[in-house]
Amino acid sequence: MHLKLICSLICTVTLSACATFPDGGSGGTCQQVHGSAQLQAELLFGRDIQGRGQVTDAERSAFMAEIVTPRFPDGLTTWDTHGQWRDAASGQTIREDSFVIRIVAPETPETLERLAQIRSAYTGQFHQDAVGLLVSRLCASF
């Protein structure tokens, strides 16, 4: 019985929090925290290169310095991960070291273009099939 009550309260609080930032931050609460509506993009990068090994830390650092940072100089966050995906041809689950870059930026055509440039550069330079991209709207204050 307590579990139902706890779940009900969690759902109520969660839904209330979502209602506080309608349309990704255009509501009054976002303004109260001196925030603005922004996009949050998470780029998902695999590090395995078929027939060669992994993208090295030095290669990743150079990619960040030459490709990512010039496009988003105001800041970003990165972290190392371990991912997996299903190979469509073989049906096998492939596991590999990976990393994520989180970028919070204005929702503009230029932001979307810069994200596309980063994805294209990485797939070309490191022979990847894809770079995952997750995009959501939120209220941000820095």
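What you see is a predicted model; the values in this text were computed from it and never measured. Numbering of residues starts from 1 in each chain and follows the order in which that chain's sequence is written. Reporting of local features is limited, given that this is a predicted model, to residues whose pLDDT is at least 70; pairs of side-chain atoms are given and counted only at 80 or more, and all residues count toward the totals for whole chains, interfaces and linings. Side-chain metrics in this entry use all non-hydrogen atoms of the structure; hydrogen atoms and water are not considered.

> What is the right way to look at the overall build of the chain in this model?
Looking only at helices and strands, the chain features four helices and six strands. Helix and strand labels come from DSSP, where a helix needs a run of H or I of at least four residues and a strand needs a run of E of at least two; each type is numbered from the N terminus. What you see in the chain, going N to C, is helices and strands ordered as α-α-β-β-β-α-β-β-α-β. The buried share of the chain, reckoned over its 142 residues, is 27%. The contact definition used throughout considers only heavy atoms, calling two residues in contact when any of these lie within 4.5 Å. Look at the contacts in the chain between residues 6 or more apart in sequence, and 66% of them connect residues 24 or more apart. Here the open area of atoms and residues is found with the Shrake-Rupley method and a 1.4 Å probe, where only the protein chains shown may cover a residue. Counting every atom, the chain has about 9,300 Å² of accessible surface; 56% of that belongs to carbon and sulfur. Any residue under 20% of the maximum accessible area for its type is buried, any over 50% is exposed, and the rest in between are partly exposed; the area is computed with a 1.4 Å probe on protein chains only.

> Please explain the packing of aromatic side chains as it appears in this structure.
Ring pairs (aromatic) are described by centroid distance and by the angle formed between their planes. For this analysis, a ring pair means two rings from Phe, Tyr or Trp (six-membered ring only for Trp) whose centres lie within 6.5 Å, classed as stacked if their planes differ by under 30 degrees, edge-to-face if by over 60, and tilted for the remaining angles. Per the stated rule, a full pass over the model turns up seven aromatic pairs. Arranged with centres 6.1 Å apart and planes meeting at 65 degrees, the rings of Phe-63 and Phe-126 form a pair that is edge-to-face. Taken together, the positions of Phe-63 in helix H3 (residues 57–71) and Phe-126 in the loop between helix H4 (109–125) and strand S6 (132–140) put the pair 63 residues apart, joining distant regions of the chain. For the pair shown, Phe-63 and Phe-126 are each scored as buried. Between Phe-99 and Tyr-122 the ring centres are 5.9 Å apart and the planes differ by 80 degrees, which places this aromatic pair in the edge-to-face class. Remark: Tyr-122 occurs in helix H4 and Phe-99 occurs in strand S5 (residues 93–105); sequence separation between them is 23 residues. Through a chain of ring-to-ring contacts, three or more aromatic side chains come together here, namely Phe-45, Phe-63, Phe-99, Tyr-122 and Phe-126. Charge-over-ring placement is defined geometrically: NZ (Lys) or CZ (Arg) within 6 Å of the ring centre, and within 35 degrees of the ring normal. One Lys or Arg, Arg-60, reaches over the ring of Phe-99 and ends 4.8 Å from the middle of that ring.

> Explain the layout of surface pockets here, please?
Empty pockets left among the atoms are what a rolling probe the size of a water molecule brings to light. Residues are called lining when one of their atoms sits within 4 Å of a cavity or pocket point, these points coming from a 1 Å grid over the protein atoms alone, where a cavity is a set in which a 1.4 Å probe fits but cannot get out and a pocket is an open set with protein on both sides within 12 Å along at least five of seven lines. Grid points are joined across faces, edges and corners, and a volume is the space filled by probe spheres set on the points. Roughly 540 Å³ of internal volume is contained in the largest pocket. Taken together, the elements giving at least two residues each to the lining of the largest pocket come down to strand S1 (36–46), strand S2 (48–49), strand S4 (77–86) and S5. The residue inventory of the lining of the largest pocket, partitioned by class, reads eight nonpolar, nine polar and four charged. Quantified by volume, the second largest pocket comes out at close to 230 Å³. Here the lining of the second largest pocket gets four residues from one element, more than from any other, and that element is S5. Classification used: nonpolar for Ala, Val, Leu, Ile, Met, Phe, Trp, Tyr, Cys and Pro, charged for Asp, Glu, Lys and Arg, polar for all others including Gly.

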